[in-house]
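Coordinate analysis (summary)
The chain contents come next:
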Amino acid sequence: MATLNEVLSSSTDLAPNEVEWLQLLVGDWQLISDLSFADLVLWVPGGIEGWLAVAHVRPTTGQMVFFEDVVGRRTHRGRQSLLDQAYLDRRIVRQKDPIFRDDMPVREEAIPVVKDGRALAVITRHTNLAAMRTPSRLELTYQALADSLARMIAAGEFPNVSAPTGQRRGAPRVGDGVIRLDVNGIVTYASPNALSAVHRLGHVGDVIGELLAKVVADLLRDESPVDESLAVVVTGRAPWRTEVTSRGVSVSMRAIPLTEGGHRVGALLLLRDVSELRRREQELMTKDATIREIHHRVKNNLQTVAALLRLQARRLPVGEAGRVALEEAVRRVGVIALVHETLSQGFDETVDFDDIAVRGLQAITEVAKAEEPITSRVEGSFGMVRAEDATAMAMVLSELVQNAVEHGLAPTGGGTITVEAQRSADDKGDDLLTVTITDDGVGLPEGFRPGGSGLGTQIVTSLVQDLRGRIVWEQAEPRGTRVRMVARLRPLGRDGS
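Residues numbered from 1 in each chain as written. Predicted model: local features only at pLDDT ≥ 70, side-chain atom pairs only at ≥ 80, totals over all residues. Heavy atoms only, no water.

1. Remarks on the pattern of salt bridges
One pass over the full model with this rule turns up 32 salt bridges. Where Glu327 meets Arg323, a salt bridge forms, and the shortest distance between an N and an O atom there is 3.3 Å. Placement of both Glu327 and Arg323 in helix 10 (residues 321–343) is noted, with a separation of 4 residues, approximately one turn of the helix. Under the relative-accessibility criterion, Glu327 is labelled partly exposed at 35%. Among the ionic pairs, Arg423 bridges to Asp431, the shortest N-O distance being 2.4 Å. For Arg423, a relative accessible area of 26% translates into the label partly exposed. Via salt bridges that share partners, Arg94, Glu109, Arg125 and Asp147 belong to a single interconnected network. (Salt bridge = Lys/Arg side-chain N within 4 Å of Asp/Glu carboxyl O. Helix = DSSP H or I, 4+ residues; strand = E, 2+ residues; numbered from the N terminus. Buried < 20%, exposed > 50% of the residue type's maximum accessible area, 1.4 Å probe, protein only.)

Following this line, the structure appears as structure tokens:
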């Protein structure tokens with residue numbers, strides 16, 4: 001299905017700033033739907049074919065009207081006159097009599113969406129009258145607020161482009177708590193959930209008739225620091241968001257100034273207790289910091305082990321089998337330490353393996369014992385790899401490059417090693433990583449068998465099995481060796497999905 005931006009760009013002649021205005025409205029109209037207890041549908045002119053529905057939202061506070069999706073439909077003749085009148089007159093128009101939909105009486109209104117004096121589209125508001133009863137004060141207040149926002153839309157005063165973009169986790173909604181302020185910032189109405197949120201912050205007593213700024217200031221007298229946007233939010237002077245924390249309780253607040261004729265007449269505040277959400281976020285941050293510290297300490301310990309092995313190796317004669325074995329162990333421990341060092345610098349259990357590959361390749365070729373320099377290069381991209389796969393991949397890459405240096409290039413006096421990486425997906429959607437290591441050395445010896453070769457090849461074969469992959473050694477053209485490995489990587493999601 002096409003996005004709203006694509007539909008508006010292809011079906012209308014609206015300018016980019018006008019398309020953005022409609023997108024801002026749709027991004028915030030769940031608020032109006034919830035306050036209205038009604039479905040909202042956004043219609044744009046479609047020429048001789050009639051009006052086209054491009055967006056639809058249902059209320060979370062009451063019964064919906066449209067169970068099916070209406071986006072993409074054209075309006076019928078009876079509704080078209082309502083839309084035409086609202087669009088041409090740039091005023092809110094209501095049907096005189098309810099219409100019946102599946103034996104359900106529905107009241108319909110048309111609200112023109114205006115920007116800079118020009119009507120861009122029309123919103124229809126559909127209210128299920130079958131669910132109506134004697135309204136409570138909460139319902140009356142919600143509907144009055146919805147009507148105020150509807151008038152602002154028709155006057156081109158909503159949405160507000162100066163409002164912060166992007167929804168932070170825990171952004172308040174209508175069901176979380178609503179406070180209405182007058183032009184002086186005095187509370188004229190507070191929903192039960194809003195009262196509960198203020199009481200949890202530490203306020204005692206009612207807030208109706210109180211100056212909300214003073215109530216919050218008294219709560220935060222001994223708290224520091226205070227969000228700089230707090231003052232304009234609690235007075236309703238700007239369409240901003242803030243968060244108040246007192247006595248271990250965090251309440252998210254969002255202010256929406258209400259205007260008439262361009263003059264502020266009050267404000268709508270949405271409140272939500274986000275204490276548990278912030279506690280969980282803090283736990284995750286602490287957990288991530290702990291994991292990074294663990295990786296850092298593991299890296300330090302591995303480097304200590306490598307240093308001890310290196311000291312032990314220096315006590316043995318140069319070229320002796322025992323010294324060679326210890327030097328190989330130092331290199332392998334260093335590869336694992338490199339993975340943990342990279343993990344200690346990130347915020348999750350995945351690493352950018354390209355950095356590990358380049359650093360590991362350079363470390364091996366720089367100390368290679370060859371008559372001429374050995375050059376190396378990495379082509380393609382390994383991408384992000386989970387920690388469980390990164391260690392095995394780093395070990396495999398290290399062993400294969402070391403073998404290429406020692407047995408392929410050193411006897412010829414130098415050469416080039418090329419490492420090529422490519423990510424793909426198989427028929428099952430699994431993430432595959434194909435790594436090809438090519439050198440221009442002496443090539444494979446006669447009768448080469450991976451299973452019967454040295455320790456490094458045996459380590460590679462075992463780790464490739466752990467990666468649920470396969471590996472092939474073959475002669476390269478015109479000379480040298482090519483090793484191709486395909487690994488089946490674990491999913492990158494934190495939960496493994």
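Let's pick the thread back up.
2. Some remarks on the confidence of the model for the protein chain
Across the protein chain, the average pLDDT comes to 86, with 93% of residues at 70 or higher. Per-element confidence in the protein chain is highest for strand 7 (residues 178–182), whose mean pLDDT is 97, and lowest for helix 9 (residues 275–314), whose mean pLDDT is 80. (pLDDT = per-residue confidence, 0-100.)

3. What about the side chain of Gln402?
Mapped onto the elements, Gln402 comes out in helix 12 (residues 387–409). Polar side-chain contacts of Gln402 include one of 2.7 Å to the side chain of Glu406. Leave out the neighbours within four places in its chain, and Gln402 touches Glu328, Arg331 and Ile364. (Polar contact = N/O pair within 3.5 Å; in protein donor to acceptor, adjacent residues only side chain to side chain. Contact = heavy atoms within 4.5 Å.)

4. So, helix 9
Across its 40 residues, helix 9 extends 58 Å between first and last C-alpha, which sits within 8% of the 58 Å expected from 1.5 Å per residue. Of the residues making up helix 9, those classed as buried are Ser275, Leu277, Arg278, Glu281, Asp288, His295, Lys299, Leu302, Ala306 and Ala313. Turning to helix 9, the residues buried within the fold contact strand 9 (241–246), strand 10 (249–260), strand 11 (263–273) and helix 10. (Expected span 1.5 Å × (residues − 1).)

5. Side note on the environment of Asp89
Positionally, Asp89 belongs in helix 4 (residues 77–89). Given the relative accessible area of 41%, Asp89 is considered partly exposed. Each C-alpha atom, one on Asp89 and one on Pro112, is 8.6 Å from the other, the two residues being 23 residues apart in sequence.

6. Description of the nonpolar core
Ranked by internal contacts, the top residues of the largest apolar core, which has 43 residues, are Phe353, Phe382, Met393, Val401, Ile417 and Val419. Listing elements by their share of this core, those giving two or more residues are helix 10, helix 11 (353–366), helix 12, strand 15 (415–425), strand 16 (431–439), helix 13 (455–466), strand 17 (470–475) and strand 18 (481–489). It is helix 12 that provides the largest number of residues to this core, a total of 13 residues. Setting aside residues no more than four positions away along its own chain, Val401 makes contact with Leu361, Ile364, Ile417, Val419 and Ile437. Grouped together as the second largest cluster of nonpolar side chains are 39 residues, Leu42, Val113, Ala121 and Tyr142 included. (Core = buried A, V, L, I, M, F, W, Y, C linked by side-chain atoms within 4.5 Å.)

7. Here we look at the packing of helix 10 against helix 12
With their axes 10 Å apart at the nearest point, helix 10 and helix 12 run at an angle of 140° to one another. For the pair helix 10 and helix 12, the crossing hand works out as right-handed. Listed contacts from helix 12 to Glu328, Arg331, Arg332, Val335, Ile336, Val339 and Leu343 of helix 10 are Ala387, Ala390, Thr391, Ala394, Met395, Ser398, Glu399, Gln402 and Glu406. Here the residues of the contact of helix 10 with helix 12 sort into 8 nonpolar, 3 polar and 5 charged. (Axes fitted to C-alpha atoms, helices over the stretch in contact; angles between N-to-C directions. Left-handed = near helix turned anticlockwise from the far one by under 90°. Nonpolar A, V, L, I, M, F, W, Y, C, P; charged D, E, K, R; others polar.)

8. Examining the sheet that holds strand 16
Ordered in space as 13-15-16-18-17, the 5 strands form an open sheet in which the pairing is mixed. The sheet terminates laterally at strand 13 (374–380) and strand 17, the two strands that pair on one side only. When strand polarity is set aside, the average angle formed by the axes of neighbouring strands in this sheet is 15°. Across 9 bridges, strand 15 lies against strand 16 in antiparallel orientation. If you follow Arg423 over to strand 16, its bridge partner there is Leu433. Against the sheet, helix 13 contacts strand 17 and strand 18, and its axis sits at roughly 140° relative to strand 17. (Pairing = 2+ DSSP bridges.)

9. Some words on the packing of helix 12 against helix 13
At their nearest, the axes of helix 12 and helix 13 sit 9 Å apart, and the two run at 150° to each other. The angle between helix 12 and helix 13 places the two elements in the roughly antiparallel class. Read as a crossing pair, helix 12 and helix 13 show a hand that is left-handed. Facing helix 12, whose interface residues are Ala392, Met395, Val396, Glu399, Leu400 and Asn403, helix 13 presents Gly456, Thr457, Ile459, Val460, Leu463 and Val464. (Parallel < 35°, antiparallel > 145°, perpendicular 65-115°, else oblique.)

10. Some words on the pairing of strand 6 (residues 118–128)
Extensive coverage of strand 6 is indicated by the burial of 10 of its 11 residues. Sheet topology note: the strand 5 (residues 104–115)/strand 6 ladder contains 10 bridges and is antiparallel. For Pro112, the partnering residue across the bridge sits in strand 6 and is Val122.

11. Concerning the packing of aromatic side chains
Throughout the structure, instances matching the rule amount to 3 aromatic pairs. When the centroid spacing of 6.0 Å and the interplanar angle of 20° are considered together, the rings of Phe37 and Tyr142 count as stacked. Here the residue Phe37 occupies a position in the loop between helix 3 (30–36) and strand 1 (38–44), and Tyr142 occupies one in helix 5 (residues 137–154), the gap between them amounting to 105 residues. Residue Phe37 is classed as buried on the basis of its relative accessible area, which comes to 14%. Under the relative-accessibility criterion, Tyr142 is labelled buried at 5%. Ring centres of Phe353 and Phe382 lie 5.1 Å apart, and the angle between their planes is 55°; on these two criteria the pair is classed as tilted. Within this pair, whereas Phe353 is found in helix 11, its partner Phe382 is found in the loop between strand 13 and strand 14 (384–386), the two being separated by 29 residues in sequence. For the pair Phe353 and Phe382, a shared accessibility class is recorded, and that class is buried. (Phe/Tyr/Trp six-rings, centres within 6.5 Å; stacked < 30°, edge-to-face > 60°.)

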